[in-house]
Amino acid sequence: MPELPEVESTVRALRPRIRGQRLLAVRALDPVLAHVPRAMALPAAVQDVERRGKYILFRLDTVFLIVHLRMSGRLLWREEGAYPPHTRLVLEFPHGEVLFVDVRRLGTAEVAREFREELGPDALSDLSFLPQALRRSRAPIKVWLLDQRNLAGIGNIYAAEILFRAGIDPRRPAHSLTPAEVARLRAVIPAVLEEALAALGTTLADAAYQTPEGEAGDYAPWVYGREGLPCKVCGTPIVRVELGGRGTYFCPRCQK
DNA sequence: TCATCCCTGTGG
DNA sequence: CCACAGGGATGA
């Protein structure tokens, strides 16, 4: 799921439910997460729920519980009922539970006194540094966008969507972008992410991302996952190539 | 900067 | 059965 729009949607749904509430207990249903409850002094009040890039931070009295959903993780809010398959961690509150569900078990949960990850500026923050930063990189622009040390929050889907909307070929070296292209990119990054956020993110057929309330995201990609299908703008078949080891989709006519 | 690996499920 | 999947750490 989980790029900025999905993670932010998750945080926004959870925050009003648990901010200020007492976390009573944490149960690890997956042995590899057994360290989590052991590292926490409970009960503890949740001061806030925050997003840093694609990380979710539960700010407790003295520590952070830091969750990364990776490929298949999601956080669900439950007031009653059985746990879904692949539930790994349960956070118990007086009025309900947060479930960390993760089919592929690549997601992580850590307890730490502070958040120490090398993340670049958030993709929804001020992007005025973009021209200077891009000038210094020979990486393909799509690979640059995916590197969380450059910009935090963009993943494979939205990198493709952003470059489509900016009309830029994902293979172009970052430093080769013209000032006009950089300006387009700067405008399109928040536009695409906000649009996806308004739709509660993207839910693809095979990966059941959902918000904590169980809703699917409605964002419909223009190019991601559409190899061979006609471009929604010009009808040219969407092309898939591999960049930085991951599938990369673009329209060879709209993106130069 | 790139390949490899983590893990499991699904679709071709 | 194999390829592939939205992420990221690691080691060469």
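How each quantity is defined
- Residues numbered from 1 in each chain as written.
- Chains lettered and ligands numbered in written order.
- Predicted model: local features only at pLDDT ≥ 70, side-chain atom pairs only at ≥ 80, totals over all residues.
- Heavy atoms only, no water.
- Pairing = 2+ DSSP bridges.
- Helix = DSSP H or I, 4+ residues; strand = E, 2+ residues; numbered from the N terminus.
- Axes fitted to C-alpha atoms, helices over the stretch in contact; angles between N-to-C directions.
- Contact = heavy atoms within 4.5 Å.
- Expected span 1.5 Å × (residues − 1).
- Buried < 20%, exposed > 50% of the residue type's maximum accessible area, 1.4 Å probe, protein only.
- Polar contact = N/O pair within 3.5 Å; in protein donor to acceptor, adjacent residues only side chain to side chain.
- Domains from an automatic or database assignment.
- Buried area = accessible area lost by both parts, 1.4 Å probe.
- Salt bridge = Lys/Arg side-chain N within 4 Å of Asp/Glu carboxyl O.

### Structural notes on the sheet that holds strand 9 (residues 96-102)
- Pairing is antiparallel in the open sheet, where four strands are placed in the order 2-8-9-7. Each edge of the open sheet carries a strand with a single partner, namely strand 2 (25-28) and strand 7 (73-78). Adjacent strand axes in the sheet meet at a mean angle of 15° when their direction is disregarded.
- Pairing analysis gives four bridges linking strand 2 to strand 8 (residues 87-93), with the strands arranged antiparallel. Bridged to A28 within strand 8 is L89.
- The strands that helix 1 (residues 4-18) touches are strand 7, strand 8 and strand 9; relative to strand 7, the one it contacts most, it runs at about 30°.

### Overview of helix 1
- The end-to-end C-alpha distance of helix 1, which contains 15 residues, comes to 21 Å, matching closely the 21 Å that a straight helix rising 1.5 Å per residue would cover.
- Burial analysis of helix 1 places eleven of its 15 residues in the buried class, the great majority of the element.
- Along helix 1, the residues classified as buried are L4, P5, E6, V7, E8, S9, T10, V11, A13, L14 and I18.
- Phi turns positive, to about 85°, at G20, one or two residues after helix 1.

### Considering helix 6 (residues 179-198)
- Taking 1.5 Å of rise per residue, the 20 residues of helix 6 would be expected to cover 28 Å, and the 29 Å separating its terminal C-alpha atoms lies within 8% of that figure.
- Restricting attention to buried positions, one finds in helix 6 the residues E181, V182, L185, V188, I189, V192, L193, A196 and L197.
- Where helix 6 is buried, its residues touch helix 1, helix 3 (130-135), helix 4 (141-146) and helix 5 (156-166).
- L200 lies just past helix 6 and shows a positive phi near 65°.

### What about the side chain of E8?
- Looking at the element boundaries, E8 is found in helix 1.
- With a relative accessible area of 11%, E8 lands in the buried category.
- Here the side chain of E8 touches R51 through a polar contact of 2.7 Å, side chain to side chain.
- In contact with E8, other than residues within four places in its own chain, are R51 and L197.

### Observations regarding the domain arrangement of chain A
- Entries for chain A in the domain assignment read domain 1 (4-112) and domain 2 (130-250).
- For domain 1 and domain 2, the distance between their C-alpha centroids amounts to 28 Å.
- Across the contact, 16 residues belong to domain 1 and 18 residues belong to domain 2.
- Between domain 1 and domain 2, roughly 1,500 Å² of surface is buried when both sides are summed, and carbon and sulfur atoms account for 61% of that area.
- Linking domain 1 with domain 2 are one salt bridge, by the criterion used here.
- R17 is paired through a salt bridge with E213; the nearest N and O atoms lie 2.8 Å apart.
- Summed over the shared surface of domain 1 and domain 2, the number is seven residue pairs in polar contact (both at pLDDT 80 or more).
- Among the secondary structure elements, those contributing two or more residues to the side of domain 1 that touches domain 2 are helix 1 and strand 7.
- Here the element with the most residues in the side of domain 1 that touches domain 2 is helix 1; it accounts for ten residues.

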